[in-house]
Amino acid sequence: MTELVLVKTTEVEDYVNMLADRLEQDYKEYTIKSLTKFRSEWANNELESIKNGTWNGMRFVVTKGRKYFKITSHEIAVNSSVDVYQEGSVNCFVDKNTGEVYKPASYNSPHTKHVRYNLLDEDSRAECLLRADWAGGYLYLR
């Protein structure tokens, strides 16, 4: 008999996963918009794979660190004979306790001088999810 193991997530972790899903959806929308401009067999095949769910587009992965969640992009390795996702750049950092979203300063640390959004604040979270884009432009101060 298989034992069911439940993993308890925090409220902040749920919102971070929601942000990662939104980033992935934004990348898919961006790709569809870009591919519809081209009339090639390759573009048509890519659009078809998006429709049927077999597309190997960019993924956004949440990593849990000591103090922050880190959202990184992952893409299929170009010179790989098998579909292996390769880690790319950091999209953002989120404080595990406060839900504050930060722009990355480097691969391993956030730029903590300015809080961009707070995922625990309903209005700030809604704005973050509305403006979130896969390239990270939503993290720049306006």
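Residues numbered from 1 in each chain as written. Predicted model: local features only at pLDDT ≥ 70, side-chain atom pairs only at ≥ 80, totals over all residues. Heavy atoms only, no water.

Caption draft 1: Just the nonpolar core, in detail. By size, the foremost hydrophobic cluster in this structure holds 26 residues, and its most contacted members are Leu-19, Ile-71, Cys-92, Val-94 and Tyr-138. Within the residue set of this core, elements represented by two or more residues are helix H1 (11-35), helix H2 (41-52), strand E2 (68-76), strand E3 (85-95) and helix H3 (122-131). With eight residues, H1 is the largest single contributor of residues to this core. Beyond its immediate chain neighbours, meaning those up to four positions away, Cys-92 contacts Leu-19, Phe-69, Lys-70, Ile-71, Val-101, Tyr-102, Pro-104, Tyr-138 and Leu-139. (Core = buried A, V, L, I, M, F, W, Y, C linked by side-chain atoms within 4.5 Å. Buried < 20%, exposed > 50% of the residue type's maximum accessible area, 1.4 Å probe, protein only. Helix = DSSP H or I, 4+ residues; strand = E, 2+ residues; numbered from the N terminus. Contact = heavy atoms within 4.5 Å.)

Caption draft 2: Region of the structure containing the sheet that holds strand E1 (residues 59-64). The sheet built from five strands is open, its strands ordered E1-E2-E3-E4-E5 with antiparallel pairing. The open sheet has two edge strands with one neighbour each: E1 and strand E5 (117-118). Pairing analysis gives six bridges linking E1 to E2, with the strands arranged antiparallel. From the neighbouring strand, Thr-63 faces E2, where its bridge partner is Lys-70. Its contacts with the sheet put H1 on E1, E2 and E3, and the angle it makes with E1 is roughly 160°. (Pairing = 2+ DSSP bridges. Axes fitted to C-alpha atoms, helices over the stretch in contact; angles between N-to-C directions.)

Caption draft 3: Fine view of the pattern of salt bridges. Evaluation of the coordinates by the stated rule reveals three salt bridges. For Arg-131, the salt bridge is made with Glu-127, and the minimal N-O distance between the two is 3.3 Å. Of this pair, Arg-131 and Glu-127 both sit in helix H3, four residues apart, which is roughly one turn of that helix. Residue classification places Arg-131 among the partly exposed residues on the basis of a relative accessible area of 27%. (Salt bridge = Lys/Arg side-chain N within 4 Å of Asp/Glu carboxyl O.)

Caption draft 4: The arrangement of the packing of H1 against H3 in detail. Put simply, H1 and H3 touch, their axes get as near as 9 Å, and they point 20° apart. One finds that H1 runs roughly parallel with respect to H3. Considering the relative orientation of H1 and H3, their crossing is right-handed. Packed against H1, whose contacting residues are Tyr-15, Met-18, Leu-19 and Arg-22, the element H3 presents Arg-125, Cys-128 and Leu-129 at the interface. A class-by-class count of the residues in the contact of H1 with H3 yields five nonpolar, no polar and two charged. (Parallel < 35°, antiparallel > 145°, perpendicular 65-115°, else oblique. Left-handed = near helix turned anticlockwise from the far one by under 90°. Nonpolar A, V, L, I, M, F, W, Y, C, P; charged D, E, K, R; others polar.)

Caption draft 5: Inspection of the packing of aromatic side chains at higher detail. Within the structure shown, the criterion is met by seven aromatic pairs. An angle of 15° between the planes, with centres 5.9 Å apart, marks the rings of Tyr-27 and Trp-55 as stacked. Taken as a pair, Tyr-27 in helix H1 and Trp-55 in the loop between H2 and E1 lie far apart in primary sequence, 28 residues in all. Summarising the burial analysis for this pair, Tyr-27 and Trp-55 share the class buried. Three or more aromatic residues link up through ring pairs in this structure, and these residues are Tyr-27, Tyr-30, Trp-55 and Trp-134. Across from the ring centre of Tyr-15, 3.9 Å away, lies the NZ or CZ of Arg-125, which sits over that ring. (Phe/Tyr/Trp six-rings, centres within 6.5 Å; stacked < 30°, edge-to-face > 60°. Lys NZ or Arg CZ within 6 Å of the ring centre and 35° of its normal.)

Caption draft 6: Looking closely at the packing of H1 against H2. It is the contact of H1 with H2, at a shortest axis distance of 10 Å, that shows an interaxial angle of 150°. In the crossing of H1 with H2, the sense of the turn from one axis to the other is left-handed. Residues Lys-28, Thr-31, Ile-32 and Leu-35 of H1 pack against Trp-42, Ala-43, Glu-46, Leu-47 and Ile-50 of H2. Within the contact of H1 with H2, the residues separate by chemical class into six nonpolar, one polar and two charged.

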